[in-house]
Amino acid sequence: MSGAAGPGRAPLPCTARAAAALQLPGGAEAARPGVAVIDLRFPRGGAADVQEIVFKNFYTAFLSLRVQRAGPPGPRRWVTCLRNHRLMPSPHTEEGSQDYFSLCRHQMLCDMEQVTALRFILRQPSPAWLHFSIEELQVFPPAQKSPQQDFPSWLSQLTPPEQPASPHRELPDPEKVSTEVQQMWVLTEVIRARQAAARIGRFDVDGCYDVNLLSYT
C-alpha cells in the first residue's frame, strides 16, 4: 500500500545502515544475485513497539522483513514478519520504482512488540537496474491514547433544570368531580321542586283552592 506518513506523528529514533548488496564469491559484477540488506536498530540497544513503517522505494521489486524481539538473555533469533512483498508490478518497468509505501502492523506475520532490530531484505531480479534500495525510512509507534479527562467538580454539582409543571397535576379527581356534579344536580332539582310548590301554595286555603283567588284568563 502506497502513501506518506500522516501529519502530526513523530517517528521512532533509529539508525539504519546503508543497503549492502550481496555478492557471490569472487566479487564479479555479473554474479550479483540482485539482493541487498538494510539493518535498522534503536538507540542504546533499546526496544520499541512498531505500528507502521513508511519509506520511499528506489527500484526495489520485492521486500521481505525480519525482526528481533527482546527476550531472555542469550542469542536473539530473527523472525520473518513480511515475505516477498511486491513493490513494483513488473521488475523491468518504472511503475512503482519511486513510490512511497506504508507497511502497517496488521500486514505483519509476527508480533511487532518490543522489537530491538529490523532487517529489510531487498530483491531486484531485473538486470535493468544496477542500484536499488529504499529511502526515507521511518518507523512509527502505536498512537498514544489520550488520557480520559475528569469532569470538573462544579459540573457534577449542577442541579437539573426545573421541569415545567404538568397541567395534569392541577386537575382534580374525575370521580370526585362526578360525585359533586350529581349532588349539585339533586340539590338543584330539590330547590326547583320547592319553588314550584311555593307558587301553587299561594292559592291553597286549608287544603282547598279559594275561587276568589283564582284568576281567569
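As a starting point, this report considers the structure included with it. Along each chain, residues carry numbers from 1 onward, in the same order as the chain's sequence is written. Whole-chain, interface and lining totals are the exception, using all residues; otherwise, since this is a predicted model, local features are given only for residues with pLDDT of at least 70 and side-chain atom pairs are given and counted only at 80 or more. With hydrogens and water excluded, all non-hydrogen atoms of the structure serve as input to the side-chain values.

1. A short note on the state of the cysteines
In plain terms, two cysteine sulfur atoms within 2.5 Å form what is called a disulfide here. Taken as a whole, this structure holds one disulfide when the rule is applied. Across the disulfide, Cys81 is cross-linked to Cys110 (sulfur-sulfur distance 1.7 Å). You can see Cys81 sitting in strand S6 (residues 79-86) and its partner Cys110 sitting in the loop between strand S7 (100-104) and strand S8 (115-123), a full 29 residues away along the chain. Three exposure classes are used, based on accessible area relative to the maximum for each residue type with a 1.4 Å probe and protein chains only: buried under 20%, partly exposed in between, and exposed over 50%. By relative accessible area, which is 0% here, Cys81 ends up buried. Classification of Cys110 as buried rests on a relative accessible area of 18%. Secondary structure elements follow DSSP: runs of H or I of four or more residues count as helices, runs of E of two or more count as strands, with numbering from the N terminus.

2. A short note on the pattern of salt bridges
By definition, a salt bridge exists where a carboxyl oxygen of Asp or Glu is found within 4 Å of a side-chain nitrogen of Lys or Arg. For the structure shown, the criterion picks out four salt bridges. Measuring nitrogen to oxygen at the nearest pair gives 3.2 Å for the salt bridge that ties Arg105 to Glu113. Note on Glu113: relative accessible area 36%, which makes it partly exposed. Connected through shared salt-bridge partners, Arg69, Arg105, Asp111 and Glu113 make up one network.

3. Brief notes about the sheet that holds strand S4 (residues 52-58)
Following DSSP output, two strands are said to pair if at least two bridges run between them. Sheet architecture is open: three strands sit in the order S7-S4-S9, paired in antiparallel fashion. The open sheet is flanked by S7 and strand S9 (133-140), the only strands paired with a single partner. The sheet shows a mean angle of 20 degrees between the axes of neighbouring strands, taken without regard to direction. In this sheet, S7 lies alongside S4 in antiparallel orientation, the contact comprising five bridges. Looking at the pairing, Lys56 lines up with Tyr100 of S7. With axes taken as lines fitted to C-alpha atoms, and helix axes fitted only over the stretch in contact, angles between N-to-C directions fall between 0 and 180 degrees.

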